[in-house]
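Here is what each chain is made of, one letter per residue.
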Amino acid sequence: MPGLLRGVARTAVVAGTATAVSNRVSRRQAGRWAQQEAPAPEQQYAAPAAAPAAAVPMADDMTSKIDQLKELGALKEQGILTEAEFAAQKSKILGA
């Protein structure tokens, strides 16, 4: 039974991370499409716009990372994740 819970918890963490990444990519892509569809006349001959990464608010990204870390901490406290699994997932979240 603990192995099943650990597997379910791991799947939940991976799915949550995948969802966060997917949402970030979707927002970035929507921003790029919006810029391509309606460029302002004065911007057509101006210097290139800022990097697309600036369009994604940093606060949203940090909030999702904090939420994921809180979920990981709760799973570790419940004994579902081992210390090594916790450390591996934490490094994935913080390194991404």
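Sequence positions are assigned chain by chain, starting from 1 and proceeding in written order. Totals for whole chains, interfaces and linings use all residues, but because this is a predicted model, local features are given only for residues with pLDDT of at least 70 and pairs of side-chain atoms are given and counted only at 80 or more. Working from all heavy atoms in the structure, the side-chain values ignore hydrogens and water.

A. Just the overall build of the chain, in detail. Helical segments are the DSSP runs of H or I of at least four residues, strand segments are the runs of E of at least two, and each set is numbered from the N terminus. A count of helical and extended segments in the chain gives three helices and zero strands. Sequence-ordered secondary structure for the chain, helices as α and strands as β, is α-α-α. Each residue is assigned to one of three classes by its accessible area relative to the maximum for its type, calculated with a 1.4 Å probe on protein chains only: buried under 20%, partly exposed between the two thresholds, exposed over 50%. Within the chain, the proportion of its 96 residues that are buried is 18%. Contacts spanning at least 24 positions in sequence make up 72% of the contacts within the chain whose residues lie at least 6 apart. Computed with the Shrake-Rupley method and a 1.4 Å probe, the accessible areas treat only the protein chains shown as cover for residues. Here the chain displays about 6900 Å² of accessible surface, and carbon together with sulfur accounts for 62% of that area. We call two residues in contact whenever any of their non-hydrogen atoms come within 4.5 Å of each other.

B. Main features of helix α3 (residues 83-95). Expected span of a helix: the number of residues minus one, times 1.5 Å. For α3, built from 13 residues, the straight-helix expectation of 18 Å at 1.5 Å per residue is met to within 8% by its first-to-last C-alpha distance of 18 Å. Those residues of α3 that sit buried are Glu85, Phe86, Gln89 and Ile93. Considered in projection along α3, the buried side chains sweep an arc of 100° and stay on one side of the axis. Turned more than 90 degrees away from the buried face of α3 sit Ala84, Leu94 and Gly95, all of them exposed. Read the arc as the range of directions from the helix axis to the C-beta atoms.

C. The pattern of salt bridges, seen in detail. Any carboxyl oxygen of Asp or Glu that lies within 4 Å of a side-chain nitrogen of Lys or Arg is treated as forming a salt bridge with it. Throughout the structure, instances matching the rule amount to three salt bridges. Arg24 is paired through a salt bridge with Asp61; the nearest N and O atoms lie 3.6 Å apart. Within this pair, whereas Arg24 is found in helix α1 (residues 2-37), its partner Asp61 is found in helix α2 (residues 58-77), the two being separated by 37 residues in sequence. Of the charged contacts in the structure, one is a salt bridge between Asp61 and Lys65, with a shortest N-O distance of 3.8 Å. Taken as a pair, Asp61 and Lys65 lie in helix α2 at a separation of four residues, close to a single helical turn. It is possible to trace a salt-bridge network through shared partners that takes in Arg24, Asp61 and Lys65.

D. Fine view of the nonpolar core. Put simply, a nonpolar core is a bunch of buried Ala, Val, Leu, Ile, Met, Phe, Trp, Tyr and Cys residues held in one set by side-chain atoms that sit within 4.5 Å of each other. Counting eight residues, the largest nonpolar core consists of Ala9, Val13, Leu72, Leu75, Ile80, Leu81, Phe86 and Ile93. Going through the elements one at a time, α1, α2 and α3 are the ones with two or more residues in this core. With residues up to four places along the chain from it excluded, the contact list for Ile93 reads Thr17, Lys65, Gln68, Leu69 and Leu72.

E. Region of interest: the confidence of the model for the chain. On a scale of 0 to 100, pLDDT captures the predictor's confidence in every residue. Per-chain confidence: the chain averages 76 in pLDDT, with 74% of residues scoring 70 or above. Per-element mean pLDDT across the chain ranges from 78 in α1 up to 88 in α3.

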